[in-house]
Amino acid sequence: SQQGEEDPQALSIQEGENATMNCSYKTSINNLQWYRQNSGRGLVHLILIRSNEREKHSGRLRVTLDTSKKSSSLLITASRAADTASYFCATAISGTGNQFYFGTGTSLTVIP
Amino acid sequence: DTGVSQDPRHKITKRGQNVTFRCDPISEHNRLYWYRQTLGQGPEFLTYFQNEAQLEKSRLLSDRFSAERPKGSFSTLEIQRTEQGDSAMYLCASSLAVGRGSYGYTFGSGTRLTVV
């Protein structure tokens, strides 16, 4: 079953704008990760944030984590057409095995 | 080592046939995972191995599914007596676990199964 839910389900922006995607989850986690998937392809790991961290940056990506609200956000700054993809959050749940539970994804379209 | 490889990329099979997929993980990675993804959904966990030991199986993995990782390197996922509901992308991922830490997965490109 899906542990996380991304919001919005779909997002369309102009090139150069920022894109923000949110992820909510249900149970305590060890860490949370964001992945990107181009249509029909495998997933690419973007960034991992641990439960004791609040914010992480990687290039044009900024991830925040609020464990009290059980939510995370992914911000892509200065978006490019090549950022068009689906973005998924995945949670490693405390006390379970090492599988990750994925949300249903946000489909991002960046219009050139 | 160019990442996680999956074979075949696409498989079309008739209902009732058996199919087998192969995954070659990154050689230094000790954990290997199988996920299934249907259209418009996120990946769903099926099973994972630490070295050659299969440590966890999802309830999604019915008795028609079996996975092996005989030498702790490549893994196979077999589906027996395929059904149309098995049509999906089957994704393999590997990761390196050190102590209690875990790191991001590296995914393969997946095997797309179509059961007709």
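Before reading further, recall that the structure is shown in the block above.
To keep things clear, this report deals only with the structure shown in the data block. (Residues numbered from 1 in each chain as written. Chains lettered and ligands numbered in written order. Predicted model: local features only at pLDDT ≥ 70, side-chain atom pairs only at ≥ 80, totals over all residues. Heavy atoms only, no water.)

A word on the nonpolar core. A:Met21, A:Leu32, A:Trp34, A:Leu74, A:Ile76, A:Tyr87 and A:Leu108 are the most contacted members of the largest nonpolar core, which has 20 residues in total. Of all elements in the fold, only strand 3 (19–24), strand 4 (29–37), strand 5 (43–50), strand 7 (61–66), strand 8 (71–76), strand 9 (85–93) and strand 11 (106–111) of chain A reach the threshold of two or more residues within this core. Among the nonpolar cores identified, the runner-up in size contains 19 residues, and B:Phe21, B:Ile26, B:Leu61 and B:Tyr90 belong to it. (Core = buried A, V, L, I, M, F, W, Y, C linked by side-chain atoms within 4.5 Å. Buried < 20%, exposed > 50% of the residue type's maximum accessible area, 1.4 Å probe, protein only. Helix = DSSP H or I, 4+ residues; strand = E, 2+ residues; numbered from the N terminus.)

All names here are of chain A. Relative to the assigned elements, Gly 105 resides in the loop between strand 10 (100–102) and strand 11. The class for Gly 105 is buried, based on a relative accessible area of 6%. Separated by 96 residues in the primary sequence, Gly 105 and Gln 9 place their C-alpha atoms 6.5 Å from one another. In contact with Gly 105, not counting residues within four places along its chain, are Glu 6, Pro 8, Gln 9, Tyr 87 and Phe 88. (Contact = heavy atoms within 4.5 Å.)

Of the volumes computed, that of the largest pocket is approximately 370 Å³. In terms of lining residues, the largest pocket is bounded by 21 residues, among which A:Gln37, A:Ser86, B:Gln37, B:Leu39 and B:Gly40 are the most central. Looking at the lining of the largest pocket, the elements that each hand over two or more residues are strand 9 and strand 11 of chain A. Here the residues of the lining of the largest pocket sort into 4 nonpolar, 15 polar and 2 charged. (1 Å grid on protein atoms, 1.4 Å probe; cavity = no way out; pocket = protein on both sides within 12 Å on 5 of 7 lines; lining within 4 Å. Points joined across faces, edges and corners; volume = space filled by probe spheres on them. Nonpolar A, V, L, I, M, F, W, Y, C, P; charged D, E, K, R; others polar.)

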